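Residue-level structure breakdown
Letter by letter, the chains look like this.
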Amino acid sequence: MAHHLYLVRHGEQLDAEHGLPDGPLSPRGRRQAELLAERLGGVPFDNAWHSPLQRATETAQIIAAKMPALSLEPSPLLFDCIPTGPAPETPKAYDAFFGSVTEAEIEAGSAQMEDAASEFLRSHREDRHELLITHNFVIGWFVREVLGAPDWRWVSINQVNCGLTVLTQRPGRPWSLVSHNDIAHLPPELRTGLSEPYAI
Ligand SMILES: O=C(O)[C@@H](CO)OP(=O)(O)O
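The protein has the name Putative phosphoglycerate mutase in an unreviewed UniProt entry, where Agromyces hippuratus is given as its organism.

So this is what it looks like as structure tokens:
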């Protein structure tokens, strides 16, 4: 018996480089979602949830179009957010980043992620496969949470668009990180969303 969470960052947003808060997927983003759907084709999902933002919703809809039986719902617990603030030991390299976010954003993000942990990391008594289509920081926070890393550590746990991260829990055991940011389904030209070239 095992509970599997498949965490996916949405596909590339159109004009993301212009810093728009949200928007439709780019043609590359749509292709990333199609390839991910093919990759996930054999998984017997029980549920799928997505962030209500447009880039995540469209990604979810492309995946669902290839999986007619998939039950898909928006969840505000998967909105893009700032999951926590910095700690005294947070490397100075992140000062500028954390300096650009407000206390209110941190408070809202922390509350959201606490609720997300209660909802999505709870134990189940049967086999489950659940798909979460969400955002870079949210996925980094889930990985940090299951590994018991320091609260601020999500800040440098990053994923490409439509990269696949899998967490699994078996009864009586802690969560395992099965894969992180798996990009085998994406050719090099579709590995987008990180600030540095990512052609591994
Ligand atoms: O702005 C980003 O880098 C991330 C933060 O989570 O958002 P998104 O995954 O929506 O691109």
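Some remarks on the state of the cysteines
Enumeration according to the criterion identifies zero disulfides in this entry. The thiol of Cys 81 is not disulfide-bonded; the next cysteine sulfur, from Cys 162, is found 19 Å away.

Here's the deal with the site of the ligand
Around the ligand, the surrounding shell consists of Arg 9, His 10, Arg 55, Asp 80, His 135, Asn 136 and Phe 137. In this structure, an oxygen atom belonging to the ligand sits 2.7 Å away from a side-chain N or O atom of Arg 9. Between the ligand and Arg 55 there is a distance of 2.7 Å, counted from an oxygen atom to a side-chain nitrogen or oxygen. Alone, the ligand offers 310 Å² of accessible surface; in the complex the protein occludes 76% of this. Here the shell around the ligand is built from residues that sort into one nonpolar, three polar and three charged.

Observations regarding the packing of aromatic side chains
Under the criterion given, the structure shown has eight aromatic pairs. Ring geometry for Phe 97 versus Phe 137: centroids 5.6 Å apart, planes at 80 degrees, classification edge-to-face. With Phe 97 in helix H3 (residues 95-99) and Phe 137 in helix H5 (residues 136-147), the pair connects residues that are 40 residues apart, well separated along the chain. Look at Phe 97 and you get partly exposed, because its relative accessible area is 25%. Ring centres of Phe 98 and Trp 154 lie 5.9 Å apart, and the angle between their planes is 85 degrees; this geometry places the pair in the edge-to-face category. Placement of the pair is Phe 98 in helix H3 and Trp 154 in the loop between H5 and strand S5 (164-169), with a sequence separation of 56 residues. Classification of Phe 98 by relative accessible area gives buried; the value is 8%.

Concerning the pairing of strand S4 (residues 128-134)
Across the seven residues that make up S4, a large majority, seven, are buried. By the alternation rule, side chains of S4 split into Arg 128, Glu 130, Leu 132 and Thr 134 and His 129, Leu 131 and Ile 133, which are all buried. Pairing geometry for strand S1 (residues 3-9) and S4, over seven bridges, is parallel. Counterpart to Tyr 6 in the pairing with S4 is Leu 131. For strand S2 (residues 47-50) and S4, the ladder comprises four bridges, and the chain directions are parallel. Across the sheet, the residue bridging to Trp 49 is Leu 132, located in S4.

Cut-offs used in this document
Residues numbered from 1 in each chain as written. Predicted model: local features only at pLDDT ≥ 70, side-chain atom pairs only at ≥ 80, totals over all residues. Heavy atoms only, no water. Disulfide = S-S within 2.5 Å. Near = heavy atom within 4 Å. Polar contact = N/O pair within 3.5 Å; in protein donor to acceptor, adjacent residues only side chain to side chain. Areas by Shrake-Rupley, 256 points an atom, 1.4 Å probe, with all protein chains shown as cover. Nonpolar A, V, L, I, M, F, W, Y, C, P; charged D, E, K, R; others polar. Phe/Tyr/Trp six-rings, centres within 6.5 Å; stacked < 30°, edge-to-face > 60°. Helix = DSSP H or I, 4+ residues; strand = E, 2+ residues; numbered from the N terminus. Buried < 20%, exposed > 50% of the residue type's maximum accessible area, 1.4 Å probe, protein only. Pairing = 2+ DSSP bridges.

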